[in-house]
Amino acid sequence: MERENVTFPNTFFLLGFSEFPWLETPLSAVVLVSYILTLVGNSSIILLSLVDPRLQTPMYFFLDNLSLLDLSVTCTIVPQLLANLWGPDKTIAAWGCITQAYLFHWTSCTECALLAVMAIDRYVAICQPLRYTLIMRPWVCVQMAAACWSSGLVNALLQATLTLQLPLCGQHTLDHFFCELPVLIKLACGDTTANDLALAIGAIPFGMVAPLLVLISYTFIARAVLKLPSAEGRHKALSTCSSHVVVVTLYFGPGIYIYFQPPAKSSQARFLSFFYCIIPPVLNPLIYTLRNKDMKTAWKRILQSRVQ
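Let me begin by describing the structure that accompanies this report. (Residues numbered from 1 in each chain as written. Predicted model: local features only at pLDDT ≥ 70, side-chain atom pairs only at ≥ 80, totals over all residues. Heavy atoms only, no water.)

## Things to note about the overall build of the chain
Filter applied, for reference: The secondary structure listing takes helices from DSSP runs of H or I that are at least 4 residues long and strands from runs of E that are at least 2 residues long, numbered from the N terminus. With C-alpha atoms as the basis for the radius of gyration, the globule rule is written as 2.2 Å multiplied by the number of residues raised to the power 0.38. Here's how the labels work: a residue is buried when its accessible area is under 20% of the maximum for its type, exposed when over 50%, partly exposed in between, all with a 1.4 Å probe on protein chains only. Here, two residues are considered to be in contact whenever any of their heavy atoms come within 4.5 Å of each other. Just so you know, the count uses Lys and Arg for positive and Asp and Glu for negative, and it drops His and the chain ends. We put the charge of a Lys on NZ, of an Arg on CZ, of an Asp on CG and of a Glu on CD.
A tally of helices and strands in the chain yields 11 helices and three strands. Counting from the amino terminus, the chain carries its helices and strands in the arrangement α-β-α-α-β-α-α-α-β-α-α-α-α-α. Its C-alpha atoms give the chain a radius of gyration of 21 Å, within 12% of the compact-globule value 19 Å for 308 residues. C-alpha extents for the chain along the principal axes are approximately 75 × 45 × 30 Å. The buried share of the chain, reckoned over its 308 residues, is 47%. For the chain, long-range pairs separated by at least 24 residues make up 78% of all intrachain contacts whose partners lie at least 6 apart in sequence. Of the charged side chains in the chain, 19 are positive and 16 negative, and the gap between their average positions amounts to 18 Å.

Spelled out as structure tokens, the structure:
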């Protein structure tokens, strides 16, 4: 009997937005449209960077990685979310829950590190323009991207594996719309002090150091831009960075608030998580294409070549 109490369940029940049944239909429409736009937008950025040699620069290399991360997190969360919103069955198989826990934590941590790297790239481009090609060499960019992906993977493997070792005592109802590590930790019936501490320590490099690097980079960028003699030069430098600033704010803002808010506000946390998982991946391609002259020019060249 004691062994049955700690057995990992075969399925989990995701409460999701079931306490707001009137909201499930409009939410499913929003999620479906966002899902399609995310797939099309981020895939287009990757393909556009591959076919246009003018976009094969460090900035667009990191943007390709960001698009790949957005595709990964969307494909990890959204299909199951749509299935739960569309039907009465709110369950997810254990293997699906474990996969979500690992992949979401991996992509989230990687994206935090990548946004910091992208800020450093903009710092070098604006504050060290004459040395930019020397510093941001292709192999250096590959190493920086690999460091982002590998650090996120190591943290995800550590945190998710520790979480999945916790006894659940037959508990299988998650007060969320996907399997996130803090929610799984709350489900445990044993002592979770070590897990909470490990999660907090693991969040330091991604949730504190990465935003701090972004802030420091843009502080130096702002100082350099203000020293530029011409208004045209200042406008060009700001337009180069504005897209990244918007993306960073959309990503770090809700994420930091979610993890530092009081644990009692579960419904508010779900809606913030919904925004965090659904909105940035669909907005990132729009932000980078609508506010980026190089991307718009590349699209025009491709469309003109198709017409001819």
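What follows continues from the structure just given.
## A few points about the nonpolar core
Which entries qualify depends on this criterion: Note on terminology: a nonpolar core comprises buried Ala, Val, Leu, Ile, Met, Phe, Trp, Tyr and Cys residues joined through side-chain atoms within 4.5 Å.
Of all hydrophobic cores here, the largest spans 64 residues; its most connected members are Phe62, Leu66, Leu81, Leu115, Phe177, Phe252 and Phe274. Looking at this core, the elements that each hand over two or more residues are α2 (21-51), α3 (58-86), α4 (94-127), α6 (138-164), α8 (193-226), α9 (231-260), α10 (266-290) and α11 (293-307). Discounting chain neighbours no more than four positions away, the residues touching phenylalanine 177 are Leu14, Gly16, Phe17, Ile77, Leu81, Arg270, Ser273, Phe274 and Cys277. Counting 18 residues, the second-largest nonpolar core is a separate cluster that includes Phe12, Ala94, Leu184 and Leu199.

## Re the packing of aromatic side chains
For clarity, the threshold we go by: Note on aromatic contacts: the rings of Phe and Tyr and the six-membered ring of Trp form a pair at centre separations within 6.5 Å, being stacked when their planes are under 30 degrees apart, edge-to-face when over 60 apart, and tilted otherwise.
With the rule as written, the count across this model stands at 13 aromatic pairs. Ring centres of phenylalanine 20 and phenylalanine 271 lie 5.6 Å apart, and the angle between their planes is 55°; this geometry places the pair in the tilted category. Separated by 251 residues along the polypeptide, phenylalanine 20 in the loop between β1 (11-14) and α2 and phenylalanine 271 in helix α10 bring together distant segments of the chain. Among the residues examined, phenylalanine 271 registers a relative accessible area of 31% and is labelled partly exposed. Each ring, one from phenylalanine 104 and one from phenylalanine 178, has its centre 4.7 Å from the other, and the planes form 65°; the classification is edge-to-face. Of the two residues, phenylalanine 104 is situated in helix α4 and phenylalanine 178 in the loop between β3 (173-174) and α7 (181-187); the sequence distance between them amounts to 74 residues. Since its relative accessible area comes to 0%, phenylalanine 178 is described here as buried. Connected via pairs of aromatic rings, a cluster forms that spans Phe17, Phe20, Phe104, Phe177, Phe178, Tyr251, Phe252, Phe271, Phe274 and Tyr276.

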